[in-house]
Amino acid sequence: MTQRLMLLDTASLYFRAFYGVPDSIRRSDGTPVNAVRGLLDMIARLTTDYEATHLIACWDDDWRPRWRVELLPTYKAHRVAEEVTGNPDVETVPDPLEAQLPMIRRTLELAGIAVVGAAEHEADDVIGTYASTASMPVDVVTGDRDLFQVIDDDRDVRVIYTARGMKNLDVMTDASVVAKYRVLPGQYADYATLRGDASDGLPGVSGIGEKTAASLLAEYGTLDSLLEAAEDPDSGLSSPVRSKLAKAADYLAVAPKVVKVVRDLDLPTPKKAGAELHPITGDERAELEKLGTEWNLGGSVTRLLEAFDRYK
């Protein structure tokens, strides 16, 4: 089997599972288990359908890093439940999902799935680092289009995009990003900076939407080159665009660093992280089967076991 590393944007997937599987599915004490069930089914299907040989569940050790907030205070501000001095802020997470996170971590542990996070960084940064340094083809599984910036046909890095649901997955490559957004993956972070993204608290440049952002990047290549053109009276850049960029100067000075994923974190190699997939055996298998019954996980545990058994 050809080696292929799958990187999970884990929070993106367990949120999708939580909202996609009925929360009437509960264990005997009344705790919902829909997110656990859904995530295990996703992993079983994804690793099988896309023939992953290695898997890392990338984790948000800090979903809203202070260094990003210091650059751009609006970053994810609408999702803060509680600000915490000296520690990551508390994210707004539905209580029934919050109660399932320890169960999710436990099932991943028993399944032998590598879970990797990094202090003061998001899962996106973990993904960005592995996608940029892996010695094998990479599939990134996410519902976050900001991660389109890591797509690279030359290195065989794709995004399995979940925004339309698990029955309508999109495999995003250089060509599909260009077809949909009219920018290359390498331009996507600049495109997102210009366009803005309300879901992440990025205001963008007022008056510059998706079409204009794509057109400007098609002409100038990068945001830096565009800003250089805005400073050059002979560049041919229109006065209205110059004015819009000038009004957003403070934002444009910091936003690129916020939007671009980090690609050089000091992380364990996939080998050291234990990313290579293998059958779930021995005490771990017995414990997972036991929890599958006690936690009312239904067939999701069986499907995961069967998916991993093929790595014998």
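Given the structure is predicted, the values throughout are model-derived calculations rather than measurements.

The rules behind each value
Residues numbered from 1 in each chain as written. Predicted model: local features only at pLDDT ≥ 70, side-chain atom pairs only at ≥ 80, totals over all residues. Heavy atoms only, no water. Pairing = 2+ DSSP bridges. Helix = DSSP H or I, 4+ residues; strand = E, 2+ residues; numbered from the N terminus. Axes fitted to C-alpha atoms, helices over the stretch in contact; angles between N-to-C directions. Core = buried A, V, L, I, M, F, W, Y, C linked by side-chain atoms within 4.5 Å. Buried < 20%, exposed > 50% of the residue type's maximum accessible area, 1.4 Å probe, protein only. Contact = heavy atoms within 4.5 Å. UniProt positions renumbered as here; feature names shortened; annotations may be inferred. Salt bridge = Lys/Arg side-chain N within 4 Å of Asp/Glu carboxyl O. Expected span 1.5 Å × (residues − 1).

Observations concerning the sheet that holds strand E1 (residues 5-9)
Thought 1: One open sheet holds the six strands; their spatial order is E5-E2-E1-E6-E7-E8, and the pairing between them is mixed. With one partner strand each, in any of the chains shown, strand E5 (114-116) and strand E8 (170-172) form the two edges of the open sheet. The mean angle between the axes of side-by-side strands here comes to 25°, regardless of whether they run parallel or antiparallel.
Thought 2: Relative to E8, strand E7 (residues 157-161) is paired through three bridges, and the arrangement is antiparallel. Across the sheet, the residue bridging to Tyr161 is Asp170, located in E8.

Some words on the nonpolar core
Thought 1: One finds Leu7, Ile56, Phe148, Leu194 and Leu245 to be the most contacted residues of the largest nonpolar core, which totals 61 residues.
Thought 2: Among the elements that take part in this core, helix H12 (residues 249-259) stands out by supplying six residues, more than any other.
Thought 3: Excluding anything up to four places from it in sequence, Leu245 contacts Leu194, Val205, Ile208, Leu226, Leu227, Ala230, Leu237 and Leu252.
Thought 4: Residues Ala11, Tyr14, Val93 and Ile280 belong to the second largest nonpolar core, which totals 47 residues.

As for the UniProt feature "domain: 5'-3' exonuclease" (unreviewed entry) in the chain
Thought 1: Feature annotation in UniProt places "domain: 5'-3' exonuclease" (unreviewed entry) on residues 3-275, given in this structure's numbering.
Thought 2: The span residues 3-275 carries 43% helix and 11% strand; its end-to-end C-alpha distance comes to 11 Å.

Let's talk about the pattern of salt bridges
Thought 1: All told, the structure shown has 20 salt bridges when counted by the stated rule.
Thought 2: We note a salt bridge from Glu210 to Arg145, for which the minimum N-O separation is 3.8 Å. Here Arg145 lies in the loop between strand E6 (138-142) and E7 and Glu210 lies in helix H9 (residues 210-220), a separation of 65 residues in the sequence.
Thought 3: Taking relative accessible area as the criterion, Arg145 reaches 24% and is therefore assigned partly exposed.
Thought 4: Close ionic contact of Arg195 with Asp197 constitutes a salt bridge, the shortest N to O distance being 4.0 Å.
Thought 5: Arg195 gets classed as buried once you look at its relative accessible area, which sits at 10%.

A look at helix H2 (residues 34-49)
Thought 1: Between its first and last C-alpha atoms H2 spans 22 Å; for 16 residues at 1.5 Å apiece the expected length is 22 Å, and the two agree.
Thought 2: Extensive coverage of H2 is indicated by the burial of 12 of its 16 residues.
Thought 3: All of the buried residues along H2 are Asn34, Ala35, Val36, Arg37, Gly38, Leu39, Leu40, Met42, Ile43, Ala44, Leu46 and Thr47.
Thought 4: Downstream of H2 by a residue or two, Glu51 has a phi angle that is positive, lying close to 50°.

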